[in-house]
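Inside the fold
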Amino acid sequence: MKNNFQNVSEKVLVVSSLTKTYFVKSGVFQVGLQRKTIIRNLSFELSAGTNLGILGPSGVGKSTLAKIICRIEDFDSGEVIVDNRDIKEYSRKEFASKVQLLFQNPYSMLNPKLTIGFLLKERFKQYFYLQNKPYDENIFRDSIEELLKLSKLSTEILKMYPYQLSGGQRQRVATITVLCLYPKILILDEPLSALDISLQAQMLNFFYEIKEKFNLTYIFITHDRDLAEYFCDKILYLHEDGEYEIFE
């Protein structure tokens, strides 16, 4: 497991006694409701600049945990602290610059009717709004040029539509859209599952490069233990019964 950062004492994420339950249909005719605990008394900490891998079978709550940390889903009990503050205390505007989620399917993050240039500009305008600053076209151009260079993408891609991109290009563009908000924590939900082996290696290198550039902390959700052990500093393994283990 790898960690290129020396100062990792700052806790950017603290999860304490987190519990999440769902009501699911039960019985022969699937008409009754039964409470199912998907996350039970989960506690862990994540230091700045480190990578946490989340592993486990399908249906154990990996993506649910990601959505809870992103405030997309609520939870029953416990506490989630991001940057020394309870996530429930943040406004939506404040929280957008703290945690961002990169979905498994990058195409779902890109409006197929809009060019990549328009999509990125709108995303960057959101950043200015979140920072209470007037939009600056020159800063946008310089920032996008830098991000495209870092992503090894040509500026010609700004004129293209999502359907015209390869799978690897779409993943990089989707990553740029979340980087436009300069988050502290970036959650990667199965980001390599749709890519072949060679593209997976390229994307891992890309994630390392932008981590150094933006001082990111990653939460990496995957079914592949080898990838998690290569990319992450520690692993949170979720079991089907709601229990969990942490490996460092």
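These lines cover the structure that appears in this document, whether it is placed above or below. (Residues numbered from 1 in each chain as written. Predicted model: local features only at pLDDT ≥ 70, side-chain atom pairs only at ≥ 80, totals over all residues. Heavy atoms only, no water.)

Some thoughts on the overall build of the protein chain
Of the regular secondary structure elements, the protein chain holds seven helices and ten strands. By the compact-globule yardstick of 18 Å for 248 residues, the protein chain fits well, its C-alpha radius of gyration being 19 Å. Counting only C-alpha atoms, the protein chain reaches 55 × 45 × 40 Å along its principal axes. Counting only residues that meet the buried cut, the protein chain has 49% of its 248 residues in that class. Contacts spanning at least 24 positions in sequence make up 70% of the contacts within the protein chain whose residues lie at least 6 apart. Surface exposure of the protein chain reaches about 12400 Å², of which carbon and sulfur atoms provide 49%. (Helix = DSSP H or I, 4+ residues; strand = E, 2+ residues; numbered from the N terminus. Rg over C-alpha atoms; globule rule 2.2 N^0.38 Å. Buried < 20%, exposed > 50% of the residue type's maximum accessible area, 1.4 Å probe, protein only. Contact = heavy atoms within 4.5 Å. Areas by Shrake-Rupley, 256 points an atom, 1.4 Å probe, with all protein chains shown as cover.)

Let's talk about the sheet that holds strand S6 (residues 99–102)
Strand pairing in a sheet relies on backbone hydrogen bonds. The paired strands run either parallel or antiparallel. With mixed pairing, the six strands of this open sheet are ordered in space as S6-S7-S8-S3-S9-S10. Across the chains shown, the open sheet's two edge strands, defined by having one partner strand only, are S6 and strand S10 (244–247). For this sheet, the mean angle separating the axes of adjacent strands, direction not counted, is 15°. In the sheet, strand S7 (residues 185–189) pairs with strand S8 (residues 217–221) via five bridges, with the strands oriented parallel. Its bridge partner lying in S8, Leu188 is registered against Phe220. Sheet strands in contact with helix H6 (residues 197–214) are strand S3 (51–55), S6, S7 and S8, and its direction is about 155° off that of S8. (Pairing = 2+ DSSP bridges. Axes fitted to C-alpha atoms, helices over the stretch in contact; angles between N-to-C directions.)

As for the layout of surface pockets
If you roll a probe as big as a water molecule over the atoms, it shows you where there is empty space left. Taken as a whole, the largest pocket holds about 200 Å³ of empty space. What lines the largest pocket is a set of 13 residues, and nearest its centre among them are Cys70, Ile72, Val99, Gln100 and Leu101. In terms of residue count, S6 provides more of the lining of the largest pocket than any other element does, three residues in total. Its residues assigned to classes, the lining of the largest pocket shows nine nonpolar, one polar and three charged. (1 Å grid on protein atoms, 1.4 Å probe; cavity = no way out; pocket = protein on both sides within 12 Å on 5 of 7 lines; lining within 4 Å. Points joined across faces, edges and corners; volume = space filled by probe spheres on them. Nonpolar A, V, L, I, M, F, W, Y, C, P; charged D, E, K, R; others polar.)

Describing the nonpolar core
Core analysis: the biggest nonpolar cluster contains 41 residues, and Leu188, Leu192, Phe207, Ile210, Tyr218 and Phe231 have the highest contact counts within it. Those elements that place two or more of their residues in this core are helix H3 (116–130), helix H4 (137–150), helix H5 (167–179), S7, H6, S8 and helix H7 (225–231). For Ile210, the contacting residues outside a window of four places in its chain are Leu150, Thr175, Leu179, Asn215, Leu216 and Tyr218. Counting residues in hydrophobic clusters, the runner-up holds 32 residues, among them Val15, Ile38, Ile185 and Ile219. (Core = buried A, V, L, I, M, F, W, Y, C linked by side-chain atoms within 4.5 Å.)

Points about the pattern of salt bridges
Tallied over the entire structure, the rule returns 15 salt bridges. A salt bridge links Glu10 to Lys184, with the shortest nitrogen-to-oxygen separation between them at 3.4 Å. You can see Glu10 sitting in the segment before strand S1 (11–26) and its partner Lys184 sitting in the loop between H5 and S7, a full 174 residues away along the chain. On the accessibility criterion, Glu10 (35% relative accessible area) is partly exposed. When salt bridges that share partners are traced, they join Glu10, Asp83, Lys98 and Lys184 into one network. (Salt bridge = Lys/Arg side-chain N within 4 Å of Asp/Glu carboxyl O.)

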